[in-house]
Amino acid sequence: MSTPPEQPQPPLQPEPQQPPTTPAIATPPVAAPPVATPPVAMPPTAYPYPSPQSPAGYGPPAIPVQPNPYAPQIPGMPPAPGAGGGGAGRAVLWVVVGAVIASAFWAGGVFILGGDDSPTADLRGYTAKSNLCSSIDYSSFKNEYPEDDDSPVHNDLKQDALDQSYCSISLKKTGSSYSDAYFSVEVDLHKVTDPGPEFTAQWENYNDRYSDYDVEKVTGFGDEAYLVTEDTTNGTTSGSRAATLAVRDGWMTYEMSWSAYLSSYDDDKDPPQVDEVSDWLKTDTESTLEKLKG
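Residues numbered from 1 in each chain as written. Predicted model: local features only at pLDDT ≥ 70, side-chain atom pairs only at ≥ 80, totals over all residues. Heavy atoms only, no water.

Asks: Explain the overall build of the protein chain here, please?
Replies: In terms of regular secondary structure, the protein chain is built from four helices and seven strands. Taking all 294 residues of the protein chain together, 28% fall into the buried category. Across the protein chain, the fraction of contacts at a sequence separation of at least 24, relative to all contacts at a separation of at least 6, is 59%. Summing over all exposed atoms, the protein chain offers an accessible surface of approximately 20600 Å²; the carbon and sulfur share of this is 57%. (Helix = DSSP H or I, 4+ residues; strand = E, 2+ residues; numbered from the N terminus. Buried < 20%, exposed > 50% of the residue type's maximum accessible area, 1.4 Å probe, protein only. Contact = heavy atoms within 4.5 Å. Areas by Shrake-Rupley, 256 points an atom, 1.4 Å probe, with all protein chains shown as cover.)

Structure representation (structure tokens):
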């Protein structure tokens, strides 16, 4: 049996060529946007600056302080504190240095002007006696009132601003059991303020307060003097009579006064006239002021 002949194989067809493949270009990964982390709220504190333990990056950024380029500069004065660490310390230094310079200017001004410009007390050599009754002269009254006062009243005051002496004497006529009149002297040494304006206002206008008094400005006693008198008896056996001589000599003020009060119970029905007593006051004031010096 014959074997059929083998069928010829078709020629091999070449495989179709594939187009060349272009290598893919790698695309860089897109970074995801960062997620904002909310700031952590810090508890309130009385300390005005950020806590030294606070982690970096929290809290509002510090805003630098720009110095004023037009501010006048004082020689020797450090510039105003700027931004950066230690600003609080420099601010304190600024305050301290400013205080020191201000004090230096004040001290220099006091030195140049001669220190305290308060006026010096002008006492004209007068002294305030501890017992003024032993230093006054009232001899002009002795003819009318010859009886001595066994217990005259006196007191004194010694202070930085004022020295004061006072004496009060009861005047008695012969045979009187009680005082017929009253006599007093007061001396004030003003050591801090000039009493001139107050003295003038008080005595020159005395009758503005007491309409029964007459005021007369007299000369020959210190810088100024006033005689103030009153007589309300009007020829009767009741009422009062009084006279005061007030003197200012520098910063010394002085008053010598007399007064008598009439009533149906008094033994003295005929006190001296005011004009007569005014002359006695002038005479005895002149000698008393001399005794108060030194």
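Asks: Looking at this structure, I do not really get unusual backbone geometry. What am I missing?
Replies: The phi torsion of most residues other than glycine is negative, and most of the peptide bonds are trans. The phi angle at Arg-124 is positive, at roughly 55°, despite the residue not being glycine. Inspection of the secondary structure puts Arg-124 in the loop between helix H1 (87–113) and strand E1 (153–158). In this structure Arg-124 comes out as partly exposed when scored by relative accessible area, which is 35%.

Asks: How should I be thinking about the packing of aromatic side chains in this particular structure?
Replies: Here a ring pair, both rings aromatic, is described through the centre-centre distance and the interplanar angle of the planes. In total, this model carries nine aromatic pairs according to the counting rule given. Ring centres of Tyr-182 and Tyr-261 lie 6.5 Å apart, and the angle between their planes is 55°; this geometry places the pair in the tilted category. With Tyr-182 in strand E3 (residues 181–190) and Tyr-261 in strand E7 (residues 252–262), this residue pair connects regions lying 79 residues apart in the sequence. We classify Tyr-182 as partly exposed; its relative accessible area is 39%. Taken together, the aromatic side chains of Tyr-138, Phe-141, Phe-183 and Trp-280 make up a single cluster linked through ring pairs. (Phe/Tyr/Trp six-rings, centres within 6.5 Å; stacked < 30°, edge-to-face > 60°.)

Asks: I tried to follow helix H2 (residues 196–204) on my own but got confused; where do I start?
Replies: Side chains that are three or four residues apart share a direction in an α-helix, a result of its 3.6 residues per turn. Listed as buried for H2 are Gly-196, Phe-199 and Trp-203. The buried residues of H2 all sit within an arc of 65° when viewed along its axis, so they share a single face. Seen from the buried face of H2, the exposed residues on the opposite side, beyond 90 degrees, are Pro-197 and Glu-198. Looking at the packing, one finds that the buried side of H2 touches helix H3 (206–209), strand E4 (213–218), strand E5 (224–231), strand E6 (239–249) and E7. (Arc of directions from axis to C-beta.)

Asks: Where do I start with the sheet that holds E1 in this structure?
Replies: Adjacent strands of a sheet form backbone hydrogen bonds with each other and so pair up, either parallel or antiparallel. What the seven strands build is an open sheet, ordered E1-E2-E3-E7-E6-E5-E4; its pairing is antiparallel. Every interior strand has two partners, whereas the edge strands, E1 and E4, have only one. The sheet shows a mean angle of 10° between the axes of neighbouring strands, direction not considered. Pairing geometry for E3 and E7, over eight bridges, is antiparallel. Of the residues in E7, the one forming a bridge with Glu-186 is Glu-255. Set on the sheet, H2 makes contact with E4, E5, E6 and E7; between it and E5 the angle comes to about 25°. (Pairing = 2+ DSSP bridges. Axes fitted to C-alpha atoms, helices over the stretch in contact; angles between N-to-C directions.)

Asks: What is the right way to look at the state of the cysteines in this model?
Replies: Tallied over the entire structure, the rule returns one disulfide. One disulfide in the model links Cys-133 with Cys-167; its S-S distance is 2.0 Å. Residues Cys-133 and Cys-167 are joined by a disulfide whose S-S torsion is about 110°; by sign, that bridge is right-handed. You can see Cys-133 sitting in the loop between H1 and E1 and its partner Cys-167 sitting in strand E2 (residues 162–171), a full 34 residues away along the chain. Just as Cys-133 is buried, Cys-167 falls in that class too. (Disulfide = S-S within 2.5 Å.)

Asks: Could you clarify how one ought to interpret the environment of Pro-146 in this entry?
Replies: Tracing the backbone through its elements, the reader meets Pro-146 in the loop between H1 and E1. When residues no more than four places from it in sequence are discounted, the contact partners of Pro-146 are Lys-172, Lys-173 and Thr-174.

Asks: What am I meant to see in the pairing of E5 here?
Replies: Note on strand geometry: in a regular strand, side chains alternate between the two faces of the sheet. Along E5, seven of the eight residues are buried, which leaves the element largely enclosed by surrounding structure. As paired elements, E4 and E5 share six bridges and run antiparallel to each other. By the bridge assignment, Glu-216 is partnered in E5 with Leu-227. Taken together, E4 and the strand that follows it, E5, pair antiparallel across an intervening segment of five residues, in which Gly-220 is found at a positive phi of about 95°. In this structure, E5 lies alongside E6, joined through eight bridges in antiparallel fashion. Counterpart to Val-228 in the pairing with E6 is Thr-244.

Any link to function would need more than the numbers given here.
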